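Understanding the architecture of this molecule
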Amino acid sequence: MSDALLEVRGLAKSFGALRATDNVDLDVREGETHAIIGPNGAGKTTLIGQLAGNLRPDAGRIRFAGDDITALAAPARSRKGLARSFQITSIYREFSALDNVALAVQAHAGHSFRFWKAARAEPELREPARAILEEVGLGPRADVLAANLAHGEQRQLEIAMALATRPRLMLLDEPVAGMGIEESQRMIRFLAGLKGTRTMILVEHDMDAVFTLADRISVLVYGRIIASGAPEAIRANPEVRNAYLGEEA
Amino acid sequence: MDPILILEQTLNGLQLGVTLFLMAAGLTLVFGIMNLVNLAHGSLYMVGAYLWVLFAKLTGSYLAGVALALAGTLAIGVLVEIVALRTLYDRDHLDQVLATFGLILFFNELVAILWGRAAIYAFAPAWLSGHVELFAGLRYPLYRLAIIAVGIAVAAGLWYVVTRTRLGMLIRAGASNRTMVAALGVNIRLLYTVVFGFGAALAGLAGLMAGPIYTVEPGMGEKILIEVFVVIVIGGIGSIRGALAGALIVGMVDTLGRAFLKPTLATVLSPTAADAAGPAIASMLIYLLMAVILALRPAGLFPARG
Amino acid sequence: MAFRARTVSIAVVLVALAAVPPVAAALGQPFYLDLFRRIMIFAIAALSLNLILGYGGLISFGHAAYLGVGAYAVGILAHHGIHNGFLQFALAIGASAAVALVIGAVSIRTSGVYFIMITLAFTQMLYYLGISVEEYGGDDGMRLAARTQFGPLLDLASPTPFYYFVLAILAGFVYLVHRLVNSRFGMVVRAAKSNDARTRAIGFSPYPYRLAAFVIAGAMCGVAGALLVNQTAYLTPEFMNWTRSGEIMFMVILGGIATLIGPVLGAAALLLLEDFLAAWTQHWQIILGPILVLVVLFARRGLAGLLPGGGRDE
């Protein structure tokens, strides 16, 4: 599968005796939306951490667009086109929504060793930021302090910041976590709109989101991928039903 | 170079290392378990020394003075923890640094008011004075040997408590994951007070033992505190093993460096150059060592958290 | 609107400072000139620390080191008969920047408690170095051979021109910091303080930006040191004592972190408070200590938060 945008081979990470990631192989093709599901404690956060560059794996390789990124730290991976949103909202609370997104734009708009001109007065940072805020539906809230945004709006801001770095691959860690029904629907519709234009890896609990958005699903249980394939196949897989979905899915 | 001199300085280095360890053990636990940067730890060292001077004079007995000074330092430590430090556990490091800095000013001035600013020269009791013939040609002060012995005993005692008792288990658990320990229903407040009091007593012990060797004066705690910081940084925060390793390394390097760097340099440089460079570099040696170790291991040699 | 009010506040303070020499002369109290000049010099030091501490979140307990480096740069040159201000200040700036670069390169790789202790330790190292170098006074320090002269333009031995020189530098640095913290560079430094993980996730490596900020702050403080040695006419390793670092830190907190006018207010407040208490009792530190503790516990926004348009928004 050498046309995979992201190729993971033999990834492993242990914390003492606990095997959080146990020999994981994963292929994510360009343009697809790939969901990773699994019960709590399956090791999803650890896996995302290793893909994003926050955790160093004990073993294994990660290739992105053909390059080995295993040894690269998070900033370098972002520069290569890998963006991430956090499960627990991680934004710049003291800055406005617009400033938040503009910073993400700035990180990919040339170097930042400019000491004199005000960054807020740079149209090449502000315009794209505004546009992205409009896209995710936060246009009118651009000048609100991030700390004062509603929880759902902050989740939208997370996505906006990921988009602003113009990524080829987005790692979305529970994008609708903590959102009400309406907000979740809106977010899912928005993400559905992104399908195809960007490759997305989606870690989610919300089965609605997963089965609406995913082209393929991988199931993570006790650090291992026990099944990987099209949604219908996963839904029907007896092992998966036992381990995770139960009988209702 | 005279081998007797080298041995003597090595023992001095061991003695300094032991003093540093007593200070570092308490401080590193407080850092590791309570996540508290306590700059006033040196003040407890100072309090220990001054209380010993006071009680030894009052009771006329060295040992009574020691016992009372330890008790007094422990009491003052616990008092400070309850009154001033509890509110700081939830604050960020900047607040902790500044608040404990305020405490330093307070204690230094308090001591100056009560005892004056002049250095006090205190003496070890007669039965601990004098020299001991260790082996052919090496006569070493009994008092310093006593310090080394006490230090080793304390280190052994700490090792026992930390590895063999329930309290020790809580301490190790707390040092590597504070929130989990609290979540397990342990009375975290009590644990914190116990750990802090423990550290205070150790600092007081270090102070009263150091009294006869270094002078007793306001600000004495800060001089040694910086070296204790270097010990903890080198050894790794939250780890007693790290504190021991760091203390011995710093004690040795500092003592041997001060004693032998100038003569060593004099063999390759001119006497005047060695005279100037020797003491200057010797005083910087432990900091340079710290920088090198940090470059290779940014979390120290034996950090408590994995 | 807040922006306007803030500019006005700053302008008012600067104008008030500019009025001190004539007022002091009218009152026949040259002491005030001296006092406020000292306040301004420390305000410059506090301003430089605020850049990395207030805006950058780097709790550097070793900032006094650069006061020392700047002071010694001037003092040593003066000792050897060089009184040219251009050379002296150039060396003060260059040396401070170089020292900051070395210390920062090692320290900024660490974080949290380690960073605090390391910066403290390095400052002490310089302090001990200062003490052990006998030729420049060692422990006791030495007198400044002669005050700095900038050719025929300015002689820092004249009190009033010296005063306005310091004021000009202070005003200039306030503006410089204003531009820095709003530039692309400043935004990264502030973002890294606000949320380090997020900053890495969007593609910034905080290290080079923090290091650059550290060097700039060191150089600025070196200028303060060069001014300080002219102020006191005496040079001692005590300039680099870590308690001095603590004092400067307090000025920053007292005035309000991450504000432009805070350092000035903080320096004024702390130095005036010290002077006031010292006149009262020689044991003033026993009162100051608890006051500082109380400020930390209860008055986090600092004095700048009291001014119209004050507070952190920048």
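Residues numbered from 1 in each chain as written. Chains lettered and ligands numbered in written order. Predicted model: local features only at pLDDT ≥ 70, side-chain atom pairs only at ≥ 80, totals over all residues.

So, about the overall build of chain A. Helix and strand counts for chain A come out as nine helices and ten strands. Relative to a compact globule of 249 residues, whose C-alpha radius of gyration would be 18 Å, chain A shows 18 Å and is just as compact. Classification of the 249 residues of chain A by burial places 44% in the buried group. Contacts in chain A between residues far apart in sequence, at least 24 positions, make up 65% of those at least 6 positions apart. (Helix = DSSP H or I, 4+ residues; strand = E, 2+ residues; numbered from the N terminus. Rg over C-alpha atoms; globule rule 2.2 N^0.38 Å. Buried ≥ 20, exposed ≤ 12 C-beta atoms within 10 Å, placed from the backbone. Contact = placed C-beta atoms within 7 Å.)

As a further point, take the overall build of chain C. Counting its regular elements, chain C contains twelve helices and four strands. By its C-alpha atoms, chain C is 55 × 45 × 40 Å across when sized along the principal axes. Pairs at least 24 residues apart make up 78% of the contacts formed inside chain C by residues separated by at least 6 positions.

Residue-level contacts link 28 residues of chain A with 19 residues of chain C. At the level of elements, helix 2 (74–80) and helix 3 (97–106) of chain A are the ones that each hand at least two residues to the side of chain A that touches chain C. The element that contributes the greatest number of residues to the side of chain A that touches chain C is helix 2 of chain A, accounting for four residues.

The next subject is the packing of helix 1 (residues 3–34) of chain B against helix 8 (residues 188–210) of chain B. Residues and elements named next belong to chain B. For the pair helix 1 and helix 8, the least separation of the axes is 8 Å and the interaxial angle reads 160 degrees. In this view, helix 1 runs roughly antiparallel relative to helix 8, as classed from their interaxial angle. Like other packed secondary-structure pairs, helix 1 and helix 8 cross with a definite hand, here left-handed. Counted together, Thr 19, Leu 22, Met 23, Ala 25, Gly 26, Leu 27, Leu 29, Val 30, Ile 33 and Met 34 of helix 1 and Tyr 192, Val 195, Phe 196, Phe 198, Gly 199, Ala 200, Leu 202, Ala 203, Leu 205, Ala 206, Met 209 and Ala 210 of helix 8 form the full contact between these two elements. (Axes fitted to C-alpha atoms, helices over the stretch in contact; angles between N-to-C directions. Parallel < 35°, antiparallel > 145°, perpendicular 65-115°, else oblique. Left-handed = near helix turned anticlockwise from the far one by under 90°.)

What follows concerns unusual backbone geometry. Residue and element names in this part refer to chain C. Although it is not a glycine, Ala 233 sits at a positive phi angle of roughly 60 degrees. On the secondary structure map, Ala 233 appears in the loop between helix 9 (206–232) and strand 4 (234–235). Positive phi is not limited to glycine here, since Ala 258 has a value of about 55 degrees. Mapped onto the elements, Ala 258 comes out in the loop between helix 10 (242–255) and helix 11 (262–280).

In terms of nonpolar packing, the biggest core is built from 287 residues, with Val 101 and Ala 160 of chain A, Ala 24, Val 230 and Ile 232 of chain B together with Ile 44 and Ala 121 of chain C touching the most fellow members. Of the residues that make up this core, three or more belong to each of domain 1 (1–81 + 169–249) and domain 2 (90–166) of chain A. (Core = buried A, V, L, I, M, F, W, Y, C linked by C-beta atoms within 7 Å. Domains from an automatic or database assignment.)

We now examine the sheet that holds strand 1 (residues 4–15) of chain A. Residues and elements named next belong to chain A. With antiparallel pairing, four strands are arranged side by side in an open sheet as 2-1-4-5. Bordering the open sheet on either side are strand 2 (18–29) and strand 5 (67–68), each of which pairs with just one other strand. Here strand 1 pairs with strand 4 (residues 59–64) via five bridges, running antiparallel. Within the sheet, the bridge partner assigned to Glu 7 lies in strand 4 and is Arg 63. Along the sheet, helix 1 (residues 44–52) makes contact with strand 1, strand 2 and strand 4, crossing strand 2 at roughly 60 degrees. (Pairing = 2+ DSSP bridges.)

On to helix 9 of chain C. Look at helix 9 of chain C: 38 Å from first C-alpha to last across 27 residues, which is about the 39 Å you get at 1.5 Å a residue. Once helix 9 of chain C finishes, Ala 233 of chain C follows within two positions and takes phi at roughly 60 degrees, a positive value. (Expected span 1.5 Å × (residues − 1).)

Now for the confidence of the model for chain C. Interpreting fine coordinate detail is not advised for predicted regions of low pLDDT. Confidence along chain C averages 90 in pLDDT terms, with 97% of residues attaining 70 or more. Note on the complex model: pTM 0.90, ipTM 0.91. (pLDDT = per-residue confidence, 0-100.)

Our next topic: the sheet that holds strand 3 (residues 33–37) of chain A. All names here are of chain A. Strand order in the open sheet formed by six strands is 6-7-8-3-9-10, and the pairing between neighbours is mixed. What marks the edges here is a single partner per strand, and that holds for strand 6 (82–85) and strand 10 (224–229). Each adjacent strand pair in this sheet contributes to an overall mean axis angle of 15 degrees, direction not counted. Where strand 3 lies against strand 8 (residues 199–203), four bridges are found, and the strand directions are parallel. Within strand 8, the position partnered with Ala 35 by the bridge is Leu 202.

Looking at the two pairs of chains with contacts, the pair that accumulates the most is chains B and C. Taking C-alpha atoms as the reference, chain A and chain B come no closer than 9 Å and do not contact one another.

In this section: the domain arrangement of chain A. Residues and elements named next belong to chain A. Taken as a whole, chain A is organised into domain 1 (1–81 + 169–249) and domain 2 (90–166). The distance between the C-alpha centroids of domain 1 and domain 2 comes to 26 Å. Every contact between the two is made by ten residues of domain 1 and, on the other side, eight residues of domain 2. Considering every element that reaches the side of domain 1 that touches domain 2, the biggest residue donor is helix 6 (residues 181–194), with three residues. Looking at the side of domain 1 that touches domain 2 residue by residue, the class counts come to six nonpolar, three polar and one charged. (Nonpolar A, V, L, I, M, F, W, Y, C, P; charged D, E, K, R; others polar.)

Once that is clear, we can look at the environment of Arg 224 of chain A. By the secondary structure assignment, Arg 224 of chain A is in strand 10. In contact with Arg 224 of chain A, other than residues within four places in its own chain, are Asp 22, Asn 23 and Val 24 of chain A.

On to the pairing of strand 3 of chain A, then. Residues and elements named next belong to chain A. For strand 3, the buried fraction is high: five of the five residues fall into the buried class. Side chains of strand 3 alternate between two faces, with Thr 33, Ala 35 and Ile 37 and His 34 and Ile 36 buried alike. Here strand 3 pairs with strand 9 (residues 216–221) via four bridges, running parallel. Bridge pairing in strand 9 links His 34 to Arg 216.

All names here are of chain C. Over its 16 residues, helix 3 (residues 64–79) extends 22 Å from the first C-alpha to the last, a length consistent with the 22 Å expected when each residue adds 1.5 Å. Counted residue by residue, helix 3 has 13 buried out of 16 residues, so it is predominantly covered. Among the residues trailing helix 3, Gly 81 stands out with phi positive, at a value near 85 degrees.

Here the focus is the pairing of strand 1 of chain A. All names here are of chain A. Pairing geometry for strand 1 and strand 2, over eight bridges, is antiparallel. Considered in strand 2, the bridge of Glu 7 is made with Asp 27. Taken together, strand 1 and the strand that follows it, strand 2, pair antiparallel across an intervening segment of two residues, in which Gly 16 is found at a positive phi of about 60 degrees.

Another aspect to go through is the interface of chain C and chain B. One widely used convention gives an interface's size as the accessible area the parts lose upon coming together. Listed as interface residues are 34 residues of chain C and, on the opposing side, 36 residues of chain B. Only helix 5 (112–132), helix 10 and helix 12 (285–298) of chain C provide two or more residues apiece to the side of chain C that touches chain B. The dominant element in the side of chain C that touches chain B, judged by the number of residues it contributes, is helix 5 of chain C, at 14 residues. Each residue belonging to the side of chain C that touches chain B can be placed in one class, and the counts come to 25 nonpolar, eight polar and one charged.

Across chain A, the average pLDDT comes to 90, with 97% of residues at 70 or higher. Taken element by element, the predicted model of chain A shows its lowest mean pLDDT in helix 9 (residues 238–245) of chain A (78) and its highest in helix 3 of chain A (97).

Looking now at the packing of helix 4 (residues 123–136) of chain A against helix 5 (residues 151–164) of chain A. The axes of two packed helices give the description: the angle between them and the distance between them. All names here are of chain A. Packing of helix 4 against helix 5 leaves a shortest axis separation of 9 Å and a crossing angle of 135 degrees. The angle between the axes of helix 4 and helix 5 places the two elements in the oblique class. When you trace helix 4 past helix 5, the crossing you get is right-handed. Side by side, helix 4 and helix 5 meet where Pro 128, Ala 129, Ile 132, Leu 133 and Val 136 of the first sit next to Gln 156, Ile 159, Ala 160, Leu 163 and Ala 164 of the second.

Right, let's talk about the environment of Gly 112 of chain C for a bit. Residues and elements named next belong to chain C. Position of Gly 112 among the secondary structure elements: in helix 5. Here Gly 112 falls in the partly exposed class, since 14 other C-beta atoms lie within 10 Å of it. Note: C-alpha distance between Gly 112 and Gly 138 (26 residues apart in sequence) is 33 Å.

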